[in-house]
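Residue strings, one per chain:
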Amino acid sequence: MGGAIATGQEQRDRFGDRLRNLRRSLGLTQEALAEASGSSVRSIREMERGRVRSPQRRTAVLLADALRLAGPERSRFLDLARAERRPPDPAPRPADPPAAALPAAVVPGELPAAVPDLAGRSDALDQLSALAAADTGAARVVVLHGPPGIGKTSLAVAAGHRLSASFGDGQLFADLQGADPADTLAGFLRSLGVPDSLVPVSPAERGGLFRTLTRNRRLLVVLDDAADEARVRPLLPAGRHCLALVTSRRPLTGLAGAVRQPLDLLDPAAGRELLAAIVGPERVAAEPDAADQLVTLCGRLPLAIRITGNRLASRPRWSVRRLVDLLHDQRRRLTVLTAGDLGIRAAFEVSYRQLDPAAAAVFRRASLIPGADFDESLVAAVAGTDEETAALAVEELVEAGVLLSSGDRYHFHDLVRLYAAERLDAEEDPVDRAAAHDRMVGWLLHRTERAGAVFEPVADRADAPVADDRTAASWLDRESGNWLAALRDAARAGRHTDVIRVARSLHWYSDANSHRHPWDEIFALGAAAARAAGRPRDEAVLLNFLGWAHYFCRDRNAEARTVLDRALELARRIGDRREEAWALTYGAAVLVRTGHAAAALDPCRRAVDLFRRVGYALGEHCAASAQGAALAALGRYAEAADLHREVLAFYRRDNGLTRTGAAVTQGAAMISLGGALAGLGRWREAADEFDRARRTFDRCGATFSEAHATYRYGLAVRALGEVDDAADALRQALALFCALSSPWWEAQTLHALAALAADDRPAEAQVLRERALDRCGELDAPEVRTLRAALQRELAARPPG
């Protein structure tokens, strides 16, 4: 040819030959190259035969990646693909015939075989059947979308077979992955009876002829694995009696008039059903717990369950437990989830390769986020970008099906997170990975400290950028899985100063959220960091916080006593009177709880005196409240009531507390005052105080304290003979305690409900007592032992039946 420009056919032959030779030189089959490049086997075959007229730029790049081409060789390969996309001078050919001259009797049936064990999709199939029956006056388009491995293709094919009777003119099927719409249209036209010689050359003419042929037919078209709307639009039939089922990882929001049906993970029962259908129900029945764990480890993803089922089916001597044990190793889980040519990693790879570089980097680095969910600000921190860029990236990841969203929060599927972590390890330098991790931890600790500082009383509060305590509480609650993991990480890394600052900053927040987070662990980390850093004043502070967490949040009075003794000794040794007073106050509270109220009076008085000497009014009134509790426990209710009224009056004044802090302290004083009034037999006044307290706690979101006040209100109205109101209040309290997993208070509430049911519903009372005894568990304190003994006597006195 001597330098002349090659004809279009010669270019096609050269590209196809080059593709075939490169593939064979690497020892790859067409199937292997298709998997590595994210293309379909059909597309590879058609390109090598020279029948694909215009391979897309993205397809050519993915092929070059899969063939490991670099340098001049890669450039020549892409140049061939680019030349391929220039339309050649067409050879003269007769004009396209009118549609009436084309055959119309061919009835295609291209649906692949349906899987025999589709599970958990009956509702979706019913919805598709209803859509197929609807007459909208135009072709119906349904987009089945969801993450990789969710079972979109299986559902579409199963639906196609179920609906085939309604589409007497046939079914067309196309795998769109890596395919060019023009080539797919040519295949559709051939399937509808158009001979090769009459297939138009231009894509626009092919589309026009396809719409003409489908306008008056009842045709079902299944378009599988569409990457974007542009791959779908030319392939949509025109007839009002046609239905197009499109599967995609994206919702394809640009398709006008389409009905979108997202696919969710299988529920556990459907997951077991799918597993049983593959391996046999007797095998699942023999190891039900292991089968449930297997479904969970597969993330309830149909493809993963199918893979594990196939592995077990091919190894009849394997137990389900053996495969569960293999899957427990996160480092090997994606490798274990491979059976023959099915692999969960390959499914994720296709989506990953379609991401632009910025979104791919965000995807990889987001795998470092430790919590179950996150927002774009945390993504920006770990990715090292601004929030606007992070927000655009996460939305692309959601569109691609590799990230899930719920409102303004995002989360990974467990298996996708493992894949993202693999890509991070494989593609990023260890120094960059460590920098991203440290940047995220530092950001979380800094934000946590600043949010916690909002709750500090004015006298102690540092500058805090968060708007108010409710905004701060909302952030701390939402991000608790992330900041707690960051705190643990910092403790392991020896970042003692950071751990101390964060743990100290959370004290007043913990007062309002006493049972929502593991405060014993948080303050233990802080105390250990202070000890390691040689900072005894911080250690004394954090030991006091830890003692409070042990007795108030965990009902572990003995551990609290030990820790508070250490705090008291340390505070005295370094001359810190404020922390000495706190240790005395908390220690007195433990003495009251363990039945030693008389011994608590002197520590309370000393604490009040110490707080006055250092000019700390908040501490003084906390110590006075503990003294009031001791007086009430000794039956000195009038003195206790007077003391609690003084405390309540202080908390109602302008004392530097935040809105939440004031509400929590006032509510606690109301409960204490109500308890003293109840001791005096003034039940109506007591009930009113408890009612005011529970409403106060409800407004500020202090759930445990709200539950406690509601419980005390229920007891008060029971004493007034208002049985129905008492039962309602106690049931509300029980629900709150159960949500917080507070076994001691659950036990007390169950016992109170049993007392209400004892006369009219003895069987129900018996069940309530058994539940209460169970909730006592291994708790050990005088009041627990007293309740346990009472329950055992009551159960023995009223045997079941």
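Residues numbered from 1 in each chain as written. Predicted model: local features only at pLDDT ≥ 70, side-chain atom pairs only at ≥ 80, totals over all residues. Heavy atoms only, no water.

*Asks:* Got a sec to walk through the pattern of salt bridges? Specific residues and values, please.
*Replies:* All chains considered together, the criterion is met by 51 salt bridges. Between Arg364 and Glu428 there is a salt bridge whose closest N-O contact spans 3.0 Å. One end of the pair, Arg364, is in helix 17 (residues 357-366); the other, Glu428, is in the loop between helix 20 (414-427) and helix 21 (430-453), with 64 residues separating them in the sequence. Overall, the relative accessible area of 8% leaves Glu428 in the buried class. With its nearest N and O atoms 3.1 Å apart, the salt bridge here joins Asp691 to Arg695. With Asp691 and Arg695 both in helix 34 (residues 683-700) and four residues apart, this pair spans about one turn of that helix. (Salt bridge = Lys/Arg side-chain N within 4 Å of Asp/Glu carboxyl O. Helix = DSSP H or I, 4+ residues; strand = E, 2+ residues; numbered from the N terminus. Buried < 20%, exposed > 50% of the residue type's maximum accessible area, 1.4 Å probe, protein only.)

*Asks:* So what's going on with the packing of aromatic side chains? Which residues, and what values?
*Replies:* For the structure shown, the criterion picks out 25 aromatic pairs. Centroid distance Trp519 to Phe523: 5.6 Å. Interplanar angle 20 degrees. Geometry classified as stacked. Note that Trp519 and Phe523 are positioned in helix 26 (residues 519-533) at a spacing of four residues, about one turn of the helix. According to the relative accessible area criterion, Phe523 is buried, its value standing at 0%. Plain terms: the ring middles of Phe611 and Tyr616 are 5.9 Å apart, the flat faces sit at 50 degrees to each other, and that makes the pair tilted. (Phe/Tyr/Trp six-rings, centres within 6.5 Å; stacked < 30°, edge-to-face > 60°.)

*Asks:* Hey, could you go over the layout of surface pockets for me, with residue numbers and the actual values?
*Replies:* What the largest pocket holds in volume is close to 1,800 Å³. Arg593, Ala629, Ser672, His708 and Arg712 are, among the 48 residues lining the largest pocket, the residues nearest its centre. Considering each element in turn, the lining of the largest pocket owes the most residues, nine residues, to helix 33 (residues 659-679). Looking at the second largest pocket, its volume works out to about 1,200 Å³. Every residue lining the second largest pocket is counted, 41 residues in all, and those nearest its centre are Thr153, Asp224, Asp225, Leu303 and Leu342. When residues in the lining of the second largest pocket are grouped by element, the largest group, four residues, is from helix 7 (residues 152-163). (1 Å grid on protein atoms, 1.4 Å probe; cavity = no way out; pocket = protein on both sides within 12 Å on 5 of 7 lines; lining within 4 Å. Points joined across faces, edges and corners; volume = space filled by probe spheres on them.)

*Asks:* Would you mind going over the confidence of the model for the protein in detail, with residue names and values included?
*Replies:* Fine structural detail should not be taken from predicted coordinates in areas where pLDDT scores are low. Looking at the protein as a whole, its pLDDT mean stands at 88, while 92% of the residues score no less than 70. For residues 1-12, every residue scores under 50 in pLDDT, and the model assigns this stretch 13 contacts once sequence neighbours within four places are set aside. Predicted confidence for residues 86-96 stays below pLDDT 50, and this span has eleven contacts to residues more than four positions away or in other chains. (pLDDT = per-residue confidence, 0-100. Contact = heavy atoms within 4.5 Å.)

*Asks:* Requested: an account of the sheet that holds strand 2 (residues 171-175), with residues and values cited.
*Replies:* In a beta sheet, neighbouring strands pair by backbone hydrogen bonds and run either parallel or antiparallel. Read across the sheet, five strands follow the order 2-3-4-1-5 without closing on themselves; strand pairing throughout is parallel. Looking at the sheet topology across the chains shown, the edges are occupied by strand 2 and strand 5 (259-262). On average, each strand axis in the sheet is tilted by 15 degrees relative to the strand beside it, whichever way the strands run. Judged from the five bridges that link them, strand 2 and strand 3 (residues 220-224) form a sheet pairing that is parallel. Looking at strand 3, one finds that Gln171 is bridged to Leu220. Most of the contacts of helix 6 (residues 122-133) go to strand 1 (residues 140-145), to which it runs at about 165 degrees, and overall it touches strand 1, strand 4 (243-248) and strand 5. (Pairing = 2+ DSSP bridges. Axes fitted to C-alpha atoms, helices over the stretch in contact; angles between N-to-C directions.)

*Asks:* Describe the nonpolar core, and please don't skip the residues or the numbers.
*Replies:* Residues Ile344, Phe363, Leu415, Trp519 and Phe523 are the most contacted members of the largest nonpolar core, which totals 210 residues. Beyond its immediate chain neighbours, meaning those up to four positions away, Phe363 contacts Tyr352, Leu355, Leu397, Val402, Phe412, Val416, Tyr419 and Ala420. (Core = buried A, V, L, I, M, F, W, Y, C linked by side-chain atoms within 4.5 Å.)

*Asks:* Give a detailed account of the side chain of His413, specifying residues and quantitative values.
*Replies:* Relative to the helices and strands, His413 is located in the loop between strand 9 (409-411) and helix 20. For His413, a relative accessible area of 8% puts it in the buried group. One polar contact links the side chain of His413 to the main-chain carbonyl oxygen of Gly299, over a distance of 2.8 Å. When sequence neighbours within four positions are dropped, the list of residues in contact with His413 reads Leu265, Cys298, Gly299, Leu301 and Leu404. (Polar contact = N/O pair within 3.5 Å; in protein donor to acceptor, adjacent residues only side chain to side chain.)

*Asks:* Can you tell me about the pairing of strand 1, naming the residues and giving the values?
*Replies:* Among the six residues in strand 1, six count as buried, and that is most of the element. Direction of pairing for strand 1 relative to strand 4: parallel, over a ladder of six bridges. If you follow Val141 over to strand 4, its bridge partner there is Ala244. Examined bridge by bridge, strand 1 and strand 5 share four bridges and lie parallel to one another. The residue bridging Val142 from the neighbouring strand is Val259, located in strand 5.

*Asks:* Which residues make up the side chain of Thr214, and what values go with them?
*Replies:* Note that Thr214 resides in helix 9 (residues 203-214). Taking relative accessible area as the criterion, Thr214 reaches 0% and is therefore assigned buried. A polar contact of 3.3 Å, which involves the side chain of Thr214, links it to the backbone oxygen of Arg211. Within the structure, Thr214 has its side chain in polar contact with the backbone nitrogen of Ala238 (distance 3.1 Å).

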